[in-house]
Amino acid sequence: MKEKTNCEYCGNYIYDEEYNCYGCDVYLDEDEMGKFLRSSYDNCPHFKFNDEYKIVRKQM
């Protein structure tokens, strides 16, 4: 079983300056979008951990 995911830690969760809010950058179908909007989107198949320091660790 996959662990629960949190959109705030996902690399696909970006800030949209036009709408002044965060949202998923991945195209979601109707069912997925409904789950996302209800904040009940666990085990997301599009989850990509947003690791800002990954490149820094490679340079060390």
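This structure is a prediction, so every number in the text was calculated from the model and none was measured.

1. Focus: the packing of aromatic side chains
- Counted according to the given criterion, the structure contains three aromatic pairs.
- For the pair Tyr 13 and Tyr 22, a centre-to-centre distance of 5.4 Å together with 15 degrees between the ring planes defines the contact as stacked.
- Judged by relative accessible area, Tyr 13 falls into the partly exposed class, the value being 26%.
- An angle of 65 degrees between the planes, with centres 5.0 Å apart, marks the rings of Tyr 15 and Tyr 22 as edge-to-face.
- What links up through ring pairs into an aromatic cluster is the set Tyr 13, Tyr 15, Tyr 22 and Phe 36.

2. Things to note about the pairing of strand E2 (residues 21-24)
- Across four bridges, strand E1 (residues 13-16) lies against E2 in antiparallel orientation. Within E2, the position partnered with Tyr 13 by the bridge is Cys 24.

Parameters at a glance
- Residues numbered from 1 in each chain as written.
- Predicted model: local features only at pLDDT ≥ 70, side-chain atom pairs only at ≥ 80, totals over all residues.
- Heavy atoms only, no water.
- Phe/Tyr/Trp six-rings, centres within 6.5 Å; stacked < 30°, edge-to-face > 60°.
- Buried < 20%, exposed > 50% of the residue type's maximum accessible area, 1.4 Å probe, protein only.
- Pairing = 2+ DSSP bridges.
- Helix = DSSP H or I, 4+ residues; strand = E, 2+ residues; numbered from the N terminus.

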